[in-house]
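For reference, the chains in residue letters:
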Amino acid sequence: MPLPTLYVKGMFEFEDNTKISNEDKKLLEMRPIDAVCEIYRRKLKNKGKNNRVNFLVSFTGSGKSTVLPPELYLQLDLKNSAIIMSEPRINLVDNAANDILNYHKDWSFGEQIAIHTGNKIIKSTRKSYIEFCTTQVIQNFLQKVLDSSTPEKYLTKYKLIIIDEAHILEIQNLTVLASVKRFLNMFGNNENCPLFVFTSATIDTKYYIKYFDLKQDNYLVSIVRGVPNFPATLCVSINDTVI
């Protein structure tokens, strides 16, 4: 089985490689996962909603579900906050969590890994951990913060909120997108606002960038090429008339 391309040097690129600084060219020489972690590290040091969003166009075979969360957990200073990653189906939640435990034999449920779905909750005893969940769980959290009279006490719970398969435009994903937009408008300038990462092999980022009213820059979209000859996936786009 080929190595996930997030671990393979030369597979990372910016959306427009013609407009990058000499400093950013160094990112192209890294393993993609290290480049992505460095971009997120830079974003988290700065305020503003443009620094609280990234689109990871990560193709089939790249390891966006099995490589991205644990490497972010290991490489970033989470400061007692967690990483949460949603999947559109319960079976995908279980699969992602179990796959990571297959790679990290010394990790376990209830420690580094937590699960939250409609029929299963496994909490972590740690302050920093990776939580896999269904989309509705993220929606519930966002709504709780938006409705709170004391949102600050919730903002530090998650350092990164990752929405996998973000191209799927079912009602739950559309509701989350609307909540993320409100969240960014309210808390995007707060230093404790989490970083939202939208991952997909087929996401058409220009519509999302327009919807969230973001300014195009090279740190907004990260691209990791996939393993050749994997079957293509139907691309579904969002547009500003949907939400």
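Novice: Would you mind going over the overall build of the chain with me for this structure?
Specialist: Secondary structure assignment for the chain yields eight helices and nine strands. For the chain, the spread of C-alpha atoms along the principal axes amounts to about 45 × 40 × 35 Å. Burial status across the chain gives 55% buried among its 243 residues. Counted over contacts in the chain with a minimum sequence separation of 6, partners at least 24 positions apart contribute 74%. As displayed, the chain has an accessible area near 11,400 Å², and 50% of this comes from carbon and sulfur atoms. One finds the centroid of the 30 positive side-chain charges in the chain at a distance of 4 Å from the centroid of its 26 negative side-chain charges.

Novice: Teacher, can you tell me more about a positive patch on the surface here?
Specialist: On the surface, Lys123, Lys144, Lys153 and Lys157 cluster together into a patch of positive charge. Topologically, Lys153 is positioned in helix α6 (residues 152–155). Judged by its relative accessible area of 55%, Lys153 is exposed.

Novice: What is the right way to look at the pairing of strand β2 (residues 53–58) in this model?
Specialist: A regular strand places its side chains so that they alternate between the two faces of the sheet. The element β2 is largely enclosed, with a buried count of six among its six residues. Neither face of β2 is left uncovered, since the one carrying Val53, Phe55 and Val57 and the one carrying Asn54, Leu56 and Ser58 both have all their residues buried. Pairing analysis gives five bridges linking β2 to strand β8 (residues 195–200), with the strands arranged parallel. Bridge pairing in β8 links Val53 to Phe196.

Novice: Can you help me understand the nonpolar core in this one?
Specialist: When a protein is soluble and globular, its nonpolar side chains tend to lie buried together. Core analysis: the largest hydrophobic core is formed by 39 residues, its most contacted members being Phe55, Leu142, Val180, Phe183, Phe198 and Phe212. Counting residues per element, this core draws most heavily on helix α7 (residues 171–187), which supplies seven residues. Residues contacting Val180, with those up to four places away along its chain left out, are Leu142, Ile163, Phe196, Phe198 and Phe212. Within the second largest apolar cluster, 37 residues are counted, among which are Ile20, Leu76, Ile130 and Tyr219.

Novice: Where do I start with the packing of aromatic side chains in this structure?
Specialist: Each aromatic ring pair is specified by the distance between its two centres and by the angle formed by the two planes. In total, this model carries ten aromatic pairs according to the counting rule given. A network of ring pairs unites the aromatic residues Phe55, Phe198, Tyr208, Tyr211 and Phe212 as a single cluster. Its guanidinium or amino end placed over the ring of Tyr211, Lys181 lies 4.2 Å from that ring's centre, counting from NZ or CZ.

Novice: Looking at this structure, how should I read the confidence of the model for the chain?
Specialist: When pLDDT is low, close inspection of the predicted coordinates is not appropriate. Per-residue pLDDT for the chain averages 89, and the proportion of residues at 70 or more is 91%. In this model, residues 229–243 is a region of pLDDT below 50 whose contacts with residues beyond four sequence positions or in other chains number 26 contacts.

Novice: Help me understand the packing of helix α2 (residues 32–44) against helix α3 (residues 68–75), please; the structure alone is not making it clear to me.
Specialist: Helices that pack against each other are described as a pair by the angle of their axes relative to one another and the distance between those axes. Two numbers describe how α2 lies on α3: the axes approach to 10 Å, and their chain directions differ by 55°. Between α2 and α3, the interaxial angle falls into the category oblique. In this structure, α2 crosses over α3, and the sense of that crossing is right-handed. Residues Ile33, Asp34, Val36, Cys37, Tyr40 and Arg41 of α2 touch α3, and the partners they reach there are Leu68, Glu71, Leu72 and Gln75. Each residue belonging to the contact of α2 with α3 can be placed in one class, and the counts come to six nonpolar, one polar and three charged.

Rules used in this analysis
- Residues numbered from 1 in each chain as written.
- Predicted model: local features only at pLDDT ≥ 70, side-chain atom pairs only at ≥ 80, totals over all residues.
- Heavy atoms only, no water.
- Helix = DSSP H or I, 4+ residues; strand = E, 2+ residues; numbered from the N terminus.
- Buried < 20%, exposed > 50% of the residue type's maximum accessible area, 1.4 Å probe, protein only.
- Contact = heavy atoms within 4.5 Å.
- Areas by Shrake-Rupley, 256 points an atom, 1.4 Å probe, with all protein chains shown as cover.
- Lys, Arg positive; Asp, Glu negative; His and termini not counted.
- Charge placed at Lys NZ, Arg CZ, Asp CG, Glu CD.
- Patch = residues over 30% accessible without salt bridge, like charges linked within 9 Å, V, L, I, M, F, W, Y side chains within 5 Å.
- Salt bridge = Lys/Arg side-chain N within 4 Å of Asp/Glu carboxyl O.
- Pairing = 2+ DSSP bridges.
- Core = buried A, V, L, I, M, F, W, Y, C linked by side-chain atoms within 4.5 Å.
- Phe/Tyr/Trp six-rings, centres within 6.5 Å; stacked < 30°, edge-to-face > 60°.
- Lys NZ or Arg CZ within 6 Å of the ring centre and 35° of its normal.
- pLDDT = per-residue confidence, 0-100.
- Axes fitted to C-alpha atoms, helices over the stretch in contact; angles between N-to-C directions.
- Parallel < 35°, antiparallel > 145°, perpendicular 65-115°, else oblique.
- Left-handed = near helix turned anticlockwise from the far one by under 90°.
- Nonpolar A, V, L, I, M, F, W, Y, C, P; charged D, E, K, R; others polar.

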